[in-house]
Amino acid sequence: MNFVHALHTLLALTLIGCSSTHMLQPSAPIDYHADASVTADLDVGSKIQGEAQSTQILWFITLGPNKFADGVNFTANGTDPISQVFRFDPFFAVKSAAAYDAVSQANADVIVGPRYIIEIDDYFIFSKTKATVNGYKGTIKKFNNSFHFDPSKLVR
């Protein structure tokens, strides 16, 4: 009897199967053009100042601040490839720390019109670098988003 049940089960499994269907519908990519820009309303306040100092011993040991302003650009037009790619500016860290000091003390978002003064005391075995930044307190009031989408430029 067990042999008959096993034969019926084997016969049922061979007659019943699974199938799947896949239908491919080719499509063309949609090419579109959208313009977006962000501007900020900036409130310019009073003068602010920040300072930072670092000491370099034997040209490779640096002692100094541990808080820095990120994204600070020290060039006039923002496109100096040397300082952007290689960070070749030897005073980059101390200037960034001075910017952090000024922004954090004044509770500002940005420094408007920053001017950096760098003082170096070099004693051959070690050197001291002091950076002072002066500028105006900048506080962002709101962001203005401009987004334009032209549906007539869709390619079909």
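Per chain, the residues get numbers from 1 upward, laid out in the order the sequence is written. The model is predicted, so local features are restricted to residues of pLDDT at least 70 and side-chain atom pairs to those at 80 or more, both for listing and for counting; the totals for chains, interfaces and linings are taken over all residues. To get the side-chain values, take all heavy atoms of the structure and skip hydrogens and water.

Q: Help me understand the overall build of the protein chain, please; the structure alone is not making it clear to me.
A: For the protein chain, the helix and strand inventory stands at 3 helices and 4 strands. Each helix (α) and strand (β) of the protein chain, taken in turn from the N terminus, gives the series α-β-β-α-α-β-β. Buried, partly exposed and exposed residues are distinguished by accessible area as a fraction of the type maximum, computed with a 1.4 Å probe on protein chains only: under 20%, between the cut-offs, and over 50%, respectively. Expressed as a percentage of the 156 residues in the protein chain, the buried residues total 16%. Sequence-distant contacts, at least 24 apart, represent 72% of the contacts inside the protein chain between residues at least 6 apart. Of the roughly 12,500 Å² that the protein chain leaves accessible, carbon and sulfur atoms contribute 58%. Going along the chain from the N terminus, every DSSP run of H or I of four or more residues is numbered as a helix, and every run of E of two or more is numbered as a strand. Any two residues whose heavy atoms approach within 4.5 Å at even a single point are treated as in contact. To measure how exposed things are, a 1.4 Å probe is used in the Shrake-Rupley method; for residues, cover is taken only from the protein chains shown.

Q: Hey, could you run me through the nonpolar core in this one?
A: Across soluble globular proteins, you tend to see nonpolar side chains buried next to one another. Note on terminology: a nonpolar core comprises buried Ala, Val, Leu, Ile, Met, Phe, Trp, Tyr and Cys residues joined through side-chain atoms within 4.5 Å. Core analysis: the largest hydrophobic core is formed by 14 residues, its most contacted members being I48, A52, A98, A99, A102, I111 and V133. Elements with a minimum of two residues in this core: β1 (34-57), α3 (92-106) and β4 (126-149). For this core, the element with the highest residue contribution is α3, accounting for 6 residues. The contact partners of V133, leaving out residues within four places of it in the chain, are I48, Q49, G50, A98, A99, A102, I111, P114, R115 and Y116.

Q: What exactly am I supposed to notice about a nonpolar patch on the surface here?
A: Patch criteria: residues need more than 30% relative accessible area and no salt bridge. Like-charged residues are merged within 9 Å; nonpolar side chains of Val, Leu, Ile, Met, Phe, Trp and Tyr are merged within 5 Å. A pairing counts as a salt bridge when a side-chain nitrogen of Lys or Arg comes within 4 Å of a carboxyl oxygen of Asp or Glu. A cluster of nonpolar side chains, contributed by L58, W59, F60, I61, L63, Y123, F124, I125 and F126, occupies part of the molecular surface with about 980 Å² of accessible area. Locating Y123 in the fold gives a position in the loop between β3 (110-122) and β4.

Q: What am I meant to see in the side chain of S54 here?
A: With respect to the helices and strands, the residue S54 is situated in strand β1. Assessed through its relative accessible area of 14%, S54 is described here as buried. Other than its neighbours up to four places away in sequence, S54 contacts T62, L63, G64, P65, V94, S127, K128 and T129.

Q: Quick question: what am I supposed to make of the environment of K128 here?
A: Within the secondary structure layout, K128 lies in strand β4. Residues K128 and T55, 73 residues apart in the sequence, show an inter-C-alpha distance of 4.5 Å. Not counting residues within four places of it along the chain, the set of residues in contact with K128 comprises Q53, S54, T55, E119, I120 and D121.

Q: Please clarify how unusual backbone geometry should be interpreted in this entry.
A: The backbone phi angle of N107 is positive, close to 55°, even though this residue is not glycine. If you trace the backbone, N107 turns up in the loop between α3 and β3.

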